[in-house]
Amino acid sequence: MSALGHYLEEEGIPTVAIALVRPQAERTRPPRALWVPFELGRPFGPPSDTAFQKQVVLAALRLLEAKAGGPVLLVDFPEDDPREAPDPRWRPPIEGKRAGEPLADGLIAEVTALVASYARSRAERGRTTVGLSGLTPAAAAEYAAAWLRSAPPESPVADLSPILCLRFAVDDLKAYALEAAITSSTKPSSRQLGDWLWNESSTGAAIHALRRQLVDSADDRAKLIATMFLVPALRQTPGG
């Protein structure tokens, strides 16, 4: 994107980038960039906070007033994500995983237990990101559980290989659990939600187990998906 920015500037089109990783912006040197101290995937800050997001957009657009062609312009956005402070009122939608319960059984039971919370959250927000695999949450849980219990099962989706279907099913399970944990009356931080999902929930425990299982696979594609897509890098160590 930095190279594209320089190309467009040479054609007379001003550009500005929003950078989430400052060292990367320093190395790639876009013509203009606004560095923001937010987590990856949230370049404009917290979701649903339009007033704050507008501040970020306007700060980036103001950089267009600077003349290009001289030193690279890299400016720091002065505010942190207001949603990074934990909300003491927030509580997990259900109790954590039960000790001694098989991971596959716990995953299926948890997805069932979250049905009402997920439906309420989806109705309040009017949208969902669940559906990438084409499976219902219950079917996605059953498919992931089948991987935990035995050799790789056949894909239930005609145009997806078994491992790609698993990847998308896991994406849906993560989204389903996190959306179930969001309510209109509280504003949990992403850290609160992540701590619950990865350290306390049966869904997180099952996904961790799938990653460990596939990392040791002889299938290079399965190993790549396990390494890159199932569990965020910061969550791959216990308590992360």
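Nothing here was measured: the structure is a model prediction, and the numbers come from that model.

Peer 1: Lay out the packing of helix 9 (residues 202–215) against helix 10 (residues 220–230) in plain terms, naming residues and giving numbers.
Peer 2: Remark: helix 9 packs on helix 10, axes separated minimally by 8 Å, with the N-to-C direction vectors making an angle of 145°. Where helix 9 crosses over helix 10, the two elements pack in a sense that is left-handed. Residues Ile 207, Leu 210, Arg 211, Leu 214 and Val 215 of helix 9 form the contact with helix 10, whose participating residues are Ala 222, Lys 223, Ala 226, Thr 227 and Leu 230. For the contact of helix 9 with helix 10, a count of residues per class yields seven nonpolar, one polar and two charged.

Peer 1: Tell me what's going on with the side chain of Thr 186, and back it up with residues and numbers.
Peer 2: With respect to the secondary-structure elements, Thr 186 resides in the loop between helix 7 (162–180) and helix 8 (190–200). Judged by its relative accessible area of 10%, Thr 186 falls in the buried class. For Thr 186, the side chain forms a polar contact with the side chain of Thr 183, separated by 2.8 Å. Not counting residues up to four positions away in its chain, the partners in contact with Thr 186 are Asp 87, Arg 89 and Trp 90.

Peer 1: Mind laying out the environment of Gly 194, listing which residues take part and the relevant values?
Peer 2: Mapped onto the elements, Gly 194 comes out in helix 8. Once you skip the residues sitting within four places of it in the chain, Gly 194 turns out to touch Asn 199 and Arg 235.

What counts, and where the lines are drawn
Residues numbered from 1 in each chain as written. Predicted model: local features only at pLDDT ≥ 70, side-chain atom pairs only at ≥ 80, totals over all residues. Heavy atoms only, no water. Axes fitted to C-alpha atoms, helices over the stretch in contact; angles between N-to-C directions. Helix = DSSP H or I, 4+ residues; strand = E, 2+ residues; numbered from the N terminus. Left-handed = near helix turned anticlockwise from the far one by under 90°. Contact = heavy atoms within 4.5 Å. Nonpolar A, V, L, I, M, F, W, Y, C, P; charged D, E, K, R; others polar. Buried < 20%, exposed > 50% of the residue type's maximum accessible area, 1.4 Å probe, protein only. Polar contact = N/O pair within 3.5 Å; in protein donor to acceptor, adjacent residues only side chain to side chain.

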